[in-house]
Each structure stands twice: as structure tokens, then as C-alpha cells.
Amino acid sequence: MKKIEAIIKPFKLEDVKEALVENGVSGMTVSDVKGYGRQQGHSELYRGAEYVVDFLAKIKIEVIVNDEEVDSTISVIVEAAKTGKIGDGKIFVTSIDEVVRIRTEQRGSDAV
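Note that the structure is a prediction, hence the values are computed from the model and not measured. (Residues numbered from 1 in each chain as written. Predicted model: local features only at pLDDT ≥ 70, side-chain atom pairs only at ≥ 80, totals over all residues. Heavy atoms only, no water.)

Draft legend 1. Just the overall build of the protein, in detail. A tally of helices and strands in the protein yields two helices and six strands. Counting from the amino terminus, helix and strand elements in the protein follow one another as β-α-β-β-β-β-α-β. In the protein, which comprises 112 residues, the proportion classed as buried is 29%. For the protein, the share of sequence-separated contacts (at least 6 apart) that also reach a separation of at least 24 residues comes to 71%. Summing over all exposed atoms, the protein offers an accessible surface of approximately 7,700 Å²; the carbon and sulfur share of this is 48%. (Helix = DSSP H or I, 4+ residues; strand = E, 2+ residues; numbered from the N terminus. Buried < 20%, exposed > 50% of the residue type's maximum accessible area, 1.4 Å probe, protein only. Contact = heavy atoms within 4.5 Å. Areas by Shrake-Rupley, 256 points an atom, 1.4 Å probe, with all protein chains shown as cover.)

Structure (C-alpha cells):
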């Protein structure tokens with residue numbers, strides 16, 4: 001199993017969620033996060049004064065999928081989240097050794 005973490009623009013959350021559900025993803029965790037990448041934040045003008053916004057608001061989506069579903073899940077996220085502009089985000093994939101459903105004590109892919 002793999003954990004896919006996608007950092008996306010906030011206004012793309014609904015599009016990504018709908019695409020993942022259509023692709024068969026049964027659950028996800030969504031968090032409001034802040035950060036920056038190559039763009040290093042941006043400058044804004046407020047009441048005539050310029051200030052730098054170092055950390056930009058983003059959304060982090062986490063899903064656990066079986067190994068054979070990784071490529072299709074990544075493709076779905078990229079297609080739904082892509083705007084073609086800087087700051088579209090990143091996707092990270094890590095291995096999951098074990099999953100346990102607390103209520104039933106199921107393990108492995110049955111617990112997802």
C-alpha cells in the first residue's frame with residue numbers, strides 16, 4: 001500500500017475530491033496547510049503598504065491506496081488540480097507498512 005499526499009490550491013479541492021471519488025477512492029484526509037516552494041511566497045499591497053506573504057494557503061489531501069492504484073490515482077489528482085500556473089502543488093508517495101482499523105481490528109488493505 002502507498003500513501004499519496006497531494007498539496008494543491010484551495011479552490012481545486014472540490015474538483016480533486018470528486019475526481020478521486022469517481023476513481024474509487026473510498027476515503028481521504030484533508031488539512032489546511034501553509035507553505036511555499038520555488039515561488040517563495042508573494043508580495044501584496046494593503047492600504048498603500050507593500051508586504052510579503054511568506055507562506056501561502058494550500059490544502060493537503062492524504063489517501064491510502066493499493067500499489068496497483070497508485071499511477072491512476074496520481075493521474076486523477078494531476079488532471080483535477082492542474083491550472084498550468086506556478087504553485088499548482090506537489091504529490092508525494094510513501095510506502096505504508098501496516099494499516100489497522102481501530103473499530104474492527106482489520107489489518108492491511110481490508111482496513112482501508
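Now that the structure has been shown, the text picks up again.
Draft legend 2. Structural detail: the pairing of strand 1 (residues 2-8). Of all seven residues that make up strand 1, five are buried, and the element is covered over most of its length. Note: strand 1 against strand 5 (residues 56-65), seven bridges, orientation antiparallel. Bridge pairing in strand 5 links Lys 2 to Val 65. Relative to strand 6 (residues 89-95), strand 1 runs antiparallel, the two sharing seven bridges. Within the sheet, the bridge partner assigned to Lys 3 lies in strand 6 and is Thr 94. (Pairing = 2+ DSSP bridges.)

Draft legend 3. Seen up close, the sheet that holds strand 2 (residues 29-35). Read from one edge of the open sheet, four strands run 2-5-1-6, paired in antiparallel fashion. In this open sheet, the two strands that pair with only one neighbour each are strand 2 and strand 6. Recorded for the sheet is a direction-independent mean angle of 20° between the axes of neighbouring strands. Across the sheet, helix 1 (residues 13-22) touches strand 1, strand 2 and strand 5, and the angle it forms with strand 5 is around 10°. (Axes fitted to C-alpha atoms, helices over the stretch in contact; angles between N-to-C directions.)

Draft legend 4. Just the pattern of salt bridges, in detail. Overall, the coordinates contain six salt bridges when judged by the stated rule. Here Asp 15 ties to Lys 12 by a salt bridge, and the two come within 3.5 Å at their closest N and O atoms. Taking the relative accessible area as the measure of exposure, Asp 15 reaches 37% and is therefore partly exposed. Residue Lys 12 is classed as buried on the basis of its relative accessible area, which comes to 13%. Linking Glu 14 and Lys 17 is a salt bridge whose minimum nitrogen-to-oxygen distance equals 3.4 Å. Placement of the pair is Glu 14 and Lys 17 together in helix 1, with a separation of three residues, close to one helical turn. When its relative accessible area of 34% is taken as the criterion, Lys 17 is described as partly exposed. (Salt bridge = Lys/Arg side-chain N within 4 Å of Asp/Glu carboxyl O.)

Draft legend 5. Geometry of helix 1. Within helix 1, burial applies to Val 16, Ala 19 and Leu 20. Across the axial projection of helix 1, the buried residues extend over an arc of 100°, all falling on one side. If you follow the buried residues of helix 1, they end up packed against strand 1, strand 5 and helix 2 (70-81). Where helix 1 terminates, the next one or two residues include Gly 24, which has phi positive at roughly 95°. (Arc of directions from axis to C-beta.)

Structural measurements only, silent on function.
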